[in-house]
Amino acid sequence: MTAPDEIRRSALPLAAPDDLDPLLERVGDARYVLIGEASHGTQNFYSWRAALTCRLIAEKGFRFVGVEGDWPDCDRVHRSVTRDGAEDPYDALYGFARWPTFMWANEEVVDFCRWLRRWNESQPQGRRCGFHGLDVYSLWDSLRAVRRYALRHLPEQLDAVLGALLCFEAYGHDPQQYGLAMRLLPDSCEKEVVGMLSAVSAAAPQDEAGFAVRQNAEVVAGAEEYYRAMVRGGPESWNVRDVHMADTLDRLAGFYGDGARGVVWAHNTHVGDARATDMAAAGMTNLGQLARERHGDDVVLVGFGTYEGTVVAAERWGAPAQVMRVPPARSASLESLLHATGLERALFVVPPAGRRPDWYDRPASHRAIGVVYRPDRERWGNYVPTVLGRRYDAFLWLDRSEALHPLHDEPPEEEELETFPTAV
């Protein structure tokens with residue numbers, strides 16, 4: 001049997017949300033469903049991810065959504081979807097100002113968050129579904145949030161908070177300058193950050209506001225470590241970031257209570273198990289791998305792929321986002337193999353090892369488009385060697401895809417370190 005025949009026989013329909021039934025069955029009683037995307041700028045990935053998440057919330061009682069976004073920005077969205085009389089989710093999302101804003105300030109996320117708000121309005125306050133950021137970039141926003149909270153509620157911890165704030169102020173307001181300075185100076189802000197985190201963690205109450213300030217303190221600690229690692233190069237900064245996201249996922253599950261179930265939205269490079277790619281050989285781990293290692297069968301990893309279409313991205317970090325053409329996938333890639341089947345859309349639920357067709361376990365290059373994208377480099381980059389059946393538990397295939405719809409243009413360019421690889 002040829003590879004296209006094997007793939008066609010494995011494919012399930014994917015035309016409407018009801019076609020996700022086999023994936024819901026695969027989720028079963030799992031506590032964590034991590035849903036990827038092959039790019040941050042594709043409407044179809046966001047819409048199908050939202051459709052799956054809506055069903056997980058409504059039919060399986062999932063309690064929170066954690067996204068590859070900043071905690072302070074996403075906390076505004078969380079309030080807009082969980083609190084009666086709060087601002088419209090559109091306004092909360094429109095307020096995203098750190099590049100790349102199009103990742104979350106887009107019409108597709110607005111549609112989901114408005115659905116989530118309506119769903120929550122039908123639920124008692126203690127059963128509502130939250131929306132939270134998992135990422136580590138918001139050093140200054142999180143520092144300011146901790147200071148505001150300490151001024152009002154933790155006056156005895158204020159000295160520790162101000163100590164961390166003043167330490168970072170000595171390097172200006174650019175985390176990149178802090179990281180660069182660590183290459184030349186023996187001192188860092190690590191001691192002050194650890195002191196702040198310890199003081200806030202011990203004193204903050206166990207309510208939602210207390211959890212939020214503790215998480216902002218954790219972000220500051222993670223960001224300090226991330227920017228120090230970034231300037232040294234290598235895989236360490238990537239690993240710091242993904243360990244922080246995995247730890248945040250665990251903290252959210254603990255806050256929502258015993259048995260709480262959560263959804264994650266992040267790029268395939270974070271969601272798909274790194275051990276099924278060349279990332280492992282490069283010394284990199286990721287959120288999907290860490291979740292499987294920590295929680296085993298309680299984790300379901302879902303990936304996406306596309307052959308061609310359009311995407312929102314930028315030519316370099318901090319540059320204006322634009323709609324770009326995604327050219328046909330390169331030959332011998334996973335996407336070209338799936339395209340050869342003639343399937344316009346398909347759902348693949350990966351069978352257990354030893355009971356699945358061989359194509360699931362054949363290595364192939366798998367496209368990964370970041371917020372920085374150069375279509376002219378498709379021949380040399382933008383792909384991750386992958387064993388699909390080990391990287392994901394399910395995969396959604398969209399032969400042609402379209403760009404998402406940002407709410408506004410990007411803010412004026414800011415200098416900030418680019419993540420690795422290709423700002424995913």
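Going by the structure above, here's the rest.
Keep in mind it's a predicted model, so treat the numbers as computed, not measured. (Residues numbered from 1 in each chain as written. Predicted model: local features only at pLDDT ≥ 70, side-chain atom pairs only at ≥ 80, totals over all residues. Heavy atoms only, no water.)

Asker: Just checking my understanding: could you explain empty space enclosed by the protein for this structure?
Answerer: Leftover empty space is mapped by rolling, across the atoms, a probe with the size of a water molecule. Inspection of the entire model under this criterion finds six cavities of 30 Å³ or more. Counted as a void, the largest cavity has a volume near 200 Å³. Together, 21 residues line the largest cavity, and Glu68, Arg98, Pro100, Met103 and Tyr137 are the ones closest to its centre. In the lining of the largest cavity, the residues fall into eleven nonpolar, four polar and six charged. (1 Å grid on protein atoms, 1.4 Å probe; cavity = no way out; pocket = protein on both sides within 12 Å on 5 of 7 lines; lining within 4 Å. Points joined across faces, edges and corners; volume = space filled by probe spheres on them. Nonpolar A, V, L, I, M, F, W, Y, C, P; charged D, E, K, R; others polar.)

Asker: Even after reading the chapter, I still don't get the environment of Ser80, so can you show me in this structure?
Answerer: Counting through the fold element by element, Ser80 comes out in helix H4 (residues 71-82). In this structure Ser80 comes out as buried when scored by relative accessible area, which is 0%. Ignoring anything within four residues of it in the chain, the contact list for Ser80 reads Ala86, Glu87, Asp88, Pro89, Ala92 and Arg117. (Helix = DSSP H or I, 4+ residues; strand = E, 2+ residues; numbered from the N terminus. Buried < 20%, exposed > 50% of the residue type's maximum accessible area, 1.4 Å probe, protein only. Contact = heavy atoms within 4.5 Å.)

Asker: Mind showing me how you'd approach the state of the cysteines here?
Answerer: Here is the idea: a disulfide is a covalent bond, and it sits between the sulfur atoms of two cysteines. On inspection of all chains with the given rule, the structure shows one disulfide. There is a disulfide in this structure between Cys167 and Cys189, and the S-S distance comes to 2.1 Å. Its S-S torsion of approximately -95° makes the covalent link between Cys167 and Cys189 left-handed. Taken together, the residues Cys167 in helix H8 (residues 158-169) and Cys189 in the loop between helix H9 (175-181) and helix H10 (190-203) connect sequence positions 22 residues apart. Classification of Cys167 as buried rests on a relative accessible area of 14%. For Cys189, a relative accessible area of 0% gives the class buried. There is no disulfide at Cys74, and the cysteine sulfur nearest it, in Cys113, is 8.7 Å away. In this structure Cys74 comes out as buried when scored by relative accessible area, which is 0%. (Disulfide = S-S within 2.5 Å.)

Asker: What exactly am I supposed to notice about the side chain of Asp70 here?
Answerer: By secondary structure assignment, the location of Asp70 is in the loop between strand E2 (64-67) and H4. Here Arg98 takes part through its side chain, which lies 2.7 Å from a polar atom of the side chain of Asp70. The contacts of Asp70, once residues within four sequence positions are left out, are Arg98, Gly133, Asp135, Tyr137 and Ser138. (Polar contact = N/O pair within 3.5 Å; in protein donor to acceptor, adjacent residues only side chain to side chain.)

Asker: Any chance you could explain the pattern of salt bridges here in plain terms?
Answerer: Where charged atoms from two side chains of opposite charge approach closely, those side chains can pair. For the structure on display, the rule yields 29 salt bridges. In this structure, Asp273 engages Arg292 in a salt bridge whose closest nitrogen and oxygen atoms are separated by 3.0 Å. Placement of the pair is Asp273 in the loop between helix H13 (268-271) and helix H14 (287-295) and Arg292 in helix H14, with a sequence separation of 19 residues. Across the pair Arg292 and Asp393 runs a salt bridge whose closest N-O atoms are separated by 3.2 Å. Here Arg292 is found in helix H14, whereas its partner Asp393 is found in the loop between helix H16 (388-391) and strand E10 (394-401), with 101 residues between them in sequence. Look at the salt bridges and you will find they share partners, linking Arg26, Asp273, Arg275, Arg292, Glu293 and Asp393 into a network. (Salt bridge = Lys/Arg side-chain N within 4 Å of Asp/Glu carboxyl O.)

These figures come from the coordinates and say nothing about function on their own.
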